[in-house]
Amino acid sequence: MFSRAYKAAVTLPPLVWVTVFLLLPYLLMFCYSFWSVSESQTIVHSWNFANYGELLRVDVYWQTLLRSMWIAARVTIFSLVLGYPLAYFLSFYAGNKKDLLYQLVIIPLWVSYLVRAYAWKTILGSTGVLNTLLQYVHLTKHPLEFLLYSPFAVVLTLTHIYTPFAFLPIYAALEHIPRNLVEASHDLGATPGQTFWKVIFPLSIPGVVAGATFAFVLSLGDFLAPLLLGGPSGIMISNIVVSLFGAAYNWPLGAAISFCMLLLVVSLLVFSERLEKKWSFS
Amino acid sequence: MELLVSDAKLVSGSRWLFVHSAAVFAFLYLPIAVLILYSFNGEGVGGFPPHHLTLDWYRTLFADRPIWDSVLNSLEVAFAAMVISLTFGVPAALALDRAQFPGKTLFRRLVLLPLILPGIITGLSLLMLFNVMGTKLSLMTIVLGHGTALISVATTEVFAGLQKLDRAQEEASLDLGANYWQTFWRITVPNLKLPIIGAALLIFTLSMDEIAVSFFLIGRDNTLPLEIWGRLRRGITPEINAVSTIIFVFSLVAIVFWYRLRVRGESAAEGGTR
């Protein structure tokens, strides 16, 4: 029905734009990761694997990467633990309040990410809202210092930010479950627990996988929450990249780390797409 | 009897779910409530209970030129980014829906990647591009960054809209002698009005809030999030609470507006088929 000219007209402009501003920059990042910086702080375009060698050799890089993955894993688990029952409640028990409650989950996303991280800082600080509240009601005498500038603060803030992201695909998956399957399970004598574990949960797995991927990938690459709330023990891999592109001035090494992150993210995406396909029922 | 038991279990189960959901909502809204409350607190940020409720921070804010300059910058960037994302995102959705070409899968993955990729990777890769091209960093480079990254939003929204679109109308238009250009503007776009407006609003707000990509592409002029970021590093003041509260209220108005529009659009569509 559509002519070749039409297809070319809708295909070529975005194709060219995406090639120049997405594909080319990623390829450039790949190239940079093989270059190096000279004594006089200029980029030397000589090709070698030195940067990747350094990543394997110097402990701090892969240790920070592992710590970032551990932080991201905790954020993912907490987001799912908070998000799944919420999605289940909305989908199966909220009745005519469903749409309103759904909007209420989305609305916090409209408050800037940075502002919400900052709000947590004002809550968790040693003279912050929480500590002064605890002293006000005489639960503690001295401010709890572990609240801010710790991995705890980073995990808490990122969980706050990514719980709605985990919630959304889970809710969508639960909404797609045909209700007569649930009724059939009840009619055939299954208890509510059995119905949940044998019917509802397996059918919601694609949503769980999508939500977990969102939470893990986005929190893995975060660098602002650690800068704002993490302190020295909450440093993540992206913070190292930021300093390599800034004060430390070693773009090629920064590019090598970024490219590893890109590979990690893309392989996670491919893996989760596989998982979602495997568990989808339609 | 058995039925009664399982009903009782169901009720206790749903009560547990209710309590859990209420707690999650409290968790999601706690920082926002604190943020708004302390924008009126005379004693500054933190300290319980808040006292000396005042509008002073709003007065300070309204006299604060750099903040308002950065708000204007952000509005300009968001508008320009929205134009770029729609200009390339809508055709990209049409291409994914209707055209077959080599590399289509790669193209689809590439377009959608910034949606899930941490902002730092998009920002840095563009920084390297601009560096190699010798482009000076400015609001323009941020526009290019946001515009490119948010094509993903326009494409996803419009592609979803296209799946529901009845192609017969376009076919009829073409059969009746309209050319593709006329058909696009008179049939395709009006039918995709809701997804396009939805995408535009979403792109606008996402760009207003964006910081990870902007962080690397910033020149001399700040966007609002970067202005806030700069101030946070120097120490915290309730002025930031005040400006965030104002923006939150504007966002709420936008959501309500969008929601009304969608409800009206949906009921109009139902009326049309009746």
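1. Some words on the overall build of chain A
Secondary structure summary: chain A contains 12 helices and 2 strands in total. Counted from the first residue to the last, chain A has its helices and strands arranged as α-β-β-α-α-α-α-α-α-α-α-α-α-α. Computed over the C-alpha atoms, the radius of gyration of chain A is 24 Å, more than 25% above the 19 Å expected from 2.2 N^0.38 for a compact globule of 282 residues. Dimensions of chain A, computed from the C-alpha atoms along their principal axes, are close to 75 × 75 × 35 Å. Here chain A, with 282 residues, has 46% of them falling under the buried criterion. For chain A, the proportion of contacts with a sequence separation of at least 24, taken over those separated by at least 6, is 73%.

2. Brief notes about the overall build of chain B
Each helix and strand in chain B was counted, giving 13 helices and 0 strands. Listing the helices and strands of chain B from first to last along the sequence gives α-α-α-α-α-α-α-α-α-α-α-α-α. Its C-alpha atoms give chain B a radius of gyration of 24 Å, more than 25% over the compact-globule value 19 Å for 274 residues. Overall, the C-alpha framework of chain B stretches about 80 × 70 × 35 Å when taken along its three principal axes. Burial status across chain B gives 39% buried among its 274 residues. Summarising the internal contacts of chain B: among those between residues at least 6 apart in sequence, 78% fall at separations of at least 24.

3. With respect to helix α10 (residues 193-209) of chain B
Residues three or four positions apart in an α-helix share a direction because the helix packs 3.6 residues into each turn. Look at α10(B): 24 Å from first C-alpha to last across 17 residues, which is about the 24 Å you get at 1.5 Å a residue. Of all the positions in α10(B), only B:Pro195, B:Ile196, B:Gly198, B:Ala199, B:Ile203, B:Thr205, B:Ser207, B:Met208 and B:Asp209 are classed as buried.

4. Section: the interface of chain A and chain B
Every contact between the two is made by 70 residues of chain A and, on the other side, 64 residues of chain B. Sort the elements by how many residues they give to the side of chain A that touches chain B and helix α1 (residues 4-32) of chain A lands first, with 18 residues. Residue classes in the side of chain A that touches chain B are distributed as 53 nonpolar, 14 polar and 3 charged.

5. So, the domain arrangement of chain B
By domain assignment, chain B separates into domain 1 (1-33) and domain 2 (64-273). Measuring from the centre of the C-alpha atoms in domain 1 of chain B to the corresponding centre in domain 2 of chain B gives 37 Å.

6. As for the packing of helix α5 (residues 113-124) of chain A against helix α7 (residues 151-175) of chain A
Residues and elements named next belong to chain A. As a packed pair, α5 and α7 sit with axes 10 Å apart at the nearest point and diverge in direction by 135°. With respect to each other, α5 and α7 are oriented oblique. Crossing hand, α5 versus α7: right-handed. Counted together, Tyr113, Arg116, Ala117, Trp120 and Leu124 of α5 and Ala153, Leu156, Thr157, His160 and Ile161 of α7 form the full contact between these two elements. The residue makeup of the contact of α5 with α7, split by class, is 7 nonpolar, 2 polar and 1 charged.

7. Brief notes about the confidence of the model for chain B
Residue and element names in this part refer to chain B. Here chain B averages 86 in pLDDT, while 91% of its residues score no lower than 70. The lowest-confidence element of chain B is helix α1 (residues 2-38), averaging 78 in pLDDT; the highest-confidence one is helix α6 (residues 139-149), averaging 95. Note that pLDDT drops below 50 for residues 1-6; the model gives that stretch 2 contacts with residues more than four away or on any other chain. Confidence metrics for the complex model read pTM 0.89 and ipTM 0.89.

8. Thoughts on unusual backbone geometry
Residues and elements named next belong to chain A. Phi angles above zero are rare outside glycine, and Tyr149 is one such case at about 55°. Mapped onto the elements of the fold, Tyr149 is located in the loop between α6 (129-136) and α7. The backbone of Tyr249 sits at a positive phi, close to 40°, despite the residue not being glycine. In this fold, Tyr249 is placed in the loop between α11 (237-245) and α12 (251-279).

9. Description of α5(A)
All names here are of chain A. Relative to the 16 Å expected for 12 residues at 1.5 Å per residue, α5 spans 17 Å between its end C-alpha atoms, a close match to the ideal helical length. Of all the 12 residues making up α5, 12 are buried; the element is thus mostly covered by neighbouring parts of the structure. Burial in α5 covers these residues: Tyr113, Leu114, Val115, Arg116, Ala117, Tyr118, Ala119, Trp120, Lys121, Thr122, Ile123 and Leu124.

10. A short note on the environment of B:Met82
Residue and element names in this part refer to chain B. Looking at the secondary structure, you find Met82 in helix α3 (residues 65-98). For Met82 and Asp56, which are 26 residues apart along the polypeptide, the C-alpha to C-alpha distance reads 35 Å. For Met82, the contacting residues outside a window of four places in its chain are Ala200, Ile203, Phe204 and Ser207.

11. Re the packing of helix α3 (residues 59-93) of chain A against helix α9 (residues 192-220) of chain A
Residue and element names in this part refer to chain A. Interhelical geometry of α3 versus α9 gives an angle of 140° and a closest axis separation of 8 Å. In terms of orientation, α3 lies oblique with respect to α9. For the crossing formed where α3 meets α9, the hand is right-handed. Here Ser68, Met69, Ile71, Ala72, Ala73, Val75, Thr76, Ser79, Leu80, Gly83 and Tyr84 of α3 lie close against α9, whose contacting residues are Val208, Gly211, Ala212, Ala215, Phe216, Ser219 and Leu220. For the contact of α3 with α9, the residue count by class is 12 nonpolar, 6 polar and no charged.

12. Looking at the environment of B:Asp97
All names here are of chain B. Of note, Asp97 is situated in helix α3. On the neighbour-count criterion, Asp97 (16 C-beta atoms within 10 Å) is partly exposed. Residues Asp97 and Phe159, 62 residues apart in the sequence, show an inter-C-alpha distance of 7.0 Å. With near-sequence residues (within four places) excluded, Asp97 lies in contact with Phe159 and Leu162.

Here is what the cut-offs are and how they apply
- Residues numbered from 1 in each chain as written.
- Chains lettered and ligands numbered in written order.
- Predicted model: local features only at pLDDT ≥ 70, side-chain atom pairs only at ≥ 80, totals over all residues.
- Helix = DSSP H or I, 4+ residues; strand = E, 2+ residues; numbered from the N terminus.
- Rg over C-alpha atoms; globule rule 2.2 N^0.38 Å.
- Buried ≥ 20, exposed ≤ 12 C-beta atoms within 10 Å, placed from the backbone.
- Contact = placed C-beta atoms within 7 Å.
- Expected span 1.5 Å × (residues − 1).
- Nonpolar A, V, L, I, M, F, W, Y, C, P; charged D, E, K, R; others polar.
- Domains from an automatic or database assignment.
- Axes fitted to C-alpha atoms, helices over the stretch in contact; angles between N-to-C directions.
- Parallel < 35°, antiparallel > 145°, perpendicular 65-115°, else oblique.
- Left-handed = near helix turned anticlockwise from the far one by under 90°.
- pLDDT = per-residue confidence, 0-100.

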